[in-house]
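The residues making up each chain are set out below.
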Amino acid sequence: MRIGAIDLGTEPLLLAPMEDVTDVAFRLMCKQFGADLVYSEFLSADALIRQVAGTFRKMVIDEAERPMAVQIYGRDVASMVEAARVCEAAGPNLIDLNFGCPVKRVAGKGAGSGMLRNVPLMIEITREVVRAVSLPVTVKTRLGWDNDSKIIVDLAEQLQDCGIAALTIHGRTRAQMYTGTADWTLIGAVKNNPRMHIPIIGNGDITTPQEARRAFDEYGVDAVMVGRASIGQPWIFEEMKHFLHTGETLPQRPFSYYMEILRRQTLNNIKKLDERRGILHTRRHIAASPIFKGIPNFKPTRVAMLRATTQTELFAIMDDVEKMMAAPQ
């Protein structure tokens, strides 16, 4: 699969853009475990234009994470075009337009998936951004605004006509938010539309290697994007790659192996930010990590890990958990 001149190989796996998750440290971690393309957190076009320092920090790129994409969102043509040019100057490999974020503070103002209620504006923004930059431009969107307006098959053709290099489809409507089940049949309908010739990337409910295999086999997508399932387990890309290549499940590693990954992730965040913010940024991953599920009477320990404010305190708790898991049961 190729996006412009970027060769992502066969059956690539992509790390989805997620706010407060896909910072450079986490992207690097996922890259090391096999993610073929990683995305920044989604960035506000208005904040980029105003040169908000926090937003600019989210656009930091490490050479080791390439190829990587910067994703932007906004609600008018001029700001999206200017923001795209700002992003291009930062040197990503491609620019992605977010027409899929369902949260109220974004969609309610007409940006993100709010664009699904103003398709002419979405098309105008896409066309003008493609014209304004030399990098490949891609789009991420949803099936439609609600169950009565699943417009993605026709919309995909219109977006392709704007000159985008690839299209990512999340298999839910905006009204669904992240509830219910992703509808991959419509993603497949876009992919199998003979008028479509750009790569189609499927997203939604890909949480296991078997689901990734099914997405490729049953719906014919060119790539699979993994989102929430990567939080707290960046090694999921290694597991998926192994299954896609061999048809076999990667044997589970010792508990200490996964703990060491979480420690390394914590240290990476501390290095990129500082101790306080680095630990705060890691809490979401610790809270979500599946390695702690099923441990008897674990709630007080989980709470203690999430309340830790220093590396020493957090790692001492993690060491105790590891010793407990290594002890004869």
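The protein chain is annotated in an unreviewed UniProt entry as tRNA-dihydrouridine synthase of Porphyromonas loveana. Among the UniProt annotations of the protein chain, the heading Sequence similarities (unreviewed entry) holds the following wording: "Belongs to the dus family." The heading Function (unreviewed entry) in the UniProt record of the protein chain holds the text "Catalyzes the synthesis of 5,6-dihydrouridine (D), a modified base found in the D-loop of most tRNAs, via the reduction of the C5-C6 double bond in target uridines."

**Student:** What am I meant to see in the overall build of the protein chain here?
**Tutor:** Helix and strand counts for the protein chain stand at 14 helices and 10 strands. The C-alpha radius of gyration of the protein chain comes to 20 Å, within 12% of the 20 Å expected for a compact globule of 329 residues. Across the 329 residues that make up the protein chain, the buried fraction comes to 55%. Contacts spanning at least 24 positions in sequence make up 70% of the contacts within the protein chain whose residues lie at least 6 apart. In the form shown here, the protein chain has an accessible surface area of approximately 14200 Å², with 50% of it arising from carbon and sulfur atoms. Looking at the protein chain, you have 40 positive and 38 negative side-chain charges, and the mean spots of the two groups are 5 Å apart.

**Student:** Would you mind showing me how to read the pattern of salt bridges here?
**Tutor:** A side chain of one charge can pair with a side chain of the opposite charge when the charged atoms of the two come close. With the rule as written, the count across this model stands at 20 salt bridges. A salt bridge links Asp62 to Lys272; the shortest N-O distance between them is 3.8 Å. Here the residue Asp62 occupies a position in the loop between α3 (53-57) and β5 (68-73), and Lys272 occupies one in helix α11 (residues 255-272), the gap between them amounting to 210 residues. Judged by relative accessible area, Asp62 falls into the partly exposed class, the value being 23%. We classify Lys272 as partly exposed; its relative accessible area is 41%. Residue Arg263 pairs with Glu322 through a salt bridge whose shortest N-O separation is 2.5 Å. Placement of the pair is Arg263 in helix α11 and Glu322 in helix α14 (residues 311-326), with a sequence separation of 59 residues. Note on Arg263: relative accessible area 9%, which makes it buried. Through salt bridges with shared partners, a single network forms among Glu260, Arg263, Asp319 and Glu322.

**Student:** I tried to follow the sheet that holds β5 on my own but got confused; where do I start?
**Tutor:** Adjacent strands of a sheet form backbone hydrogen bonds with each other and so pair up, either parallel or antiparallel. The sheet built from eight strands closes into a barrel, its strands ordered β3-β4-β5-β6-β7-β8-β9-β10 with parallel pairing. Neighbour-to-neighbour, the strand axes of this sheet turn through a mean angle of 25 degrees, independent of strand direction. Of the strand pairs in this sheet, strand β4 (residues 37-44) and β5 are connected by five bridges, and their pairing is parallel. Residue Ser44 lies in a different strand from β5, and its bridge partner there is Tyr73. Lying on the sheet, helix α1 (residues 24-32) is in contact with β3 (13-15), β4 and β5; it crosses β4 at an angle near 160 degrees. Helix α7 (residues 152-161) contacts β7 (137-142) and β8 (166-170) of the sheet and is inclined by roughly 165 degrees relative to β7.

**Student:** Help me out: how do you make sense of the packing of aromatic side chains in this one?
**Tutor:** The relative placement of two aromatic rings is captured by the distance of their centres and the angle of their planes. As enumerated under the stated definition, the model contains six aromatic pairs in all. Between Phe42 and Tyr73 the ring centres are 5.3 Å apart and the planes differ by 70 degrees, which places this aromatic pair in the edge-to-face class. Separated by 31 residues along the polypeptide, Phe42 in strand β4 and Tyr73 in strand β5 bring together distant segments of the chain. There is no split in this pair, since Phe42 and Tyr73 are both buried. A ring pair is formed by Tyr257 and Tyr258, whose centres lie 5.2 Å apart and whose planes are at 85 degrees; its orientation type is edge-to-face. Residue classification places Tyr258 among the buried positions, given a relative accessible area of 6%. An aromatic cluster is present here, built from Trp235, Tyr257 and Tyr258 joined pairwise through their rings. Its end group placed over the ring of Tyr257, Arg253 keeps NZ or CZ at 4.6 Å from the ring centre.

**Student:** Please explain the UniProt feature "active site" (unreviewed entry) in the protein chain as it appears in this structure.
**Tutor:** The positions that UniProt labels "active site" (unreviewed entry) are, in the present scheme, Cys101. Residue classification places Cys101 among the buried residues on the basis of a relative accessible area of 7%. The contact partners of Cys101, leaving out residues within four places of it in the chain, are Phe42, Val106, Ala107, Gly112 and Ser113.

**Student:** Please clarify how the environment of Ile261 should be interpreted in this entry.
**Tutor:** In this fold, Ile261 is placed in helix α11. With relative accessibility at 2%, the residue Ile261 sits in the buried group. Sequence-wise, Ile261 and Met29 are 232 residues apart; in three dimensions their C-alpha atoms are separated by 8.7 Å. If we ignore the near neighbours within four places in the chain, the residues touching Ile261 are Met29, Phe33, Pro234 and Trp235.

**Student:** Would you take a moment to explain the side chain of Ser113 for this structure?
**Tutor:** For Ser113, the position within the fold is in the loop between α5 (104-107) and α6 (119-132). Once residues lying within four places of it in the same chain are set aside, the contact partners of Ser113 are Phe99, Gly100, Cys101, Pro102, Ala107, Arg142, Trp145 and Arg174.

Thresholds applied
- Residues numbered from 1 in each chain as written.
- Predicted model: local features only at pLDDT ≥ 70, side-chain atom pairs only at ≥ 80, totals over all residues.
- Heavy atoms only, no water.
- UniProt positions renumbered as here; feature names shortened; annotations may be inferred.
- Helix = DSSP H or I, 4+ residues; strand = E, 2+ residues; numbered from the N terminus.
- Rg over C-alpha atoms; globule rule 2.2 N^0.38 Å.
- Buried < 20%, exposed > 50% of the residue type's maximum accessible area, 1.4 Å probe, protein only.
- Contact = heavy atoms within 4.5 Å.
- Areas by Shrake-Rupley, 256 points an atom, 1.4 Å probe, with all protein chains shown as cover.
- Lys, Arg positive; Asp, Glu negative; His and termini not counted.
- Charge placed at Lys NZ, Arg CZ, Asp CG, Glu CD.
- Salt bridge = Lys/Arg side-chain N within 4 Å of Asp/Glu carboxyl O.
- Pairing = 2+ DSSP bridges.
- Axes fitted to C-alpha atoms, helices over the stretch in contact; angles between N-to-C directions.
- Phe/Tyr/Trp six-rings, centres within 6.5 Å; stacked < 30°, edge-to-face > 60°.
- Lys NZ or Arg CZ within 6 Å of the ring centre and 35° of its normal.

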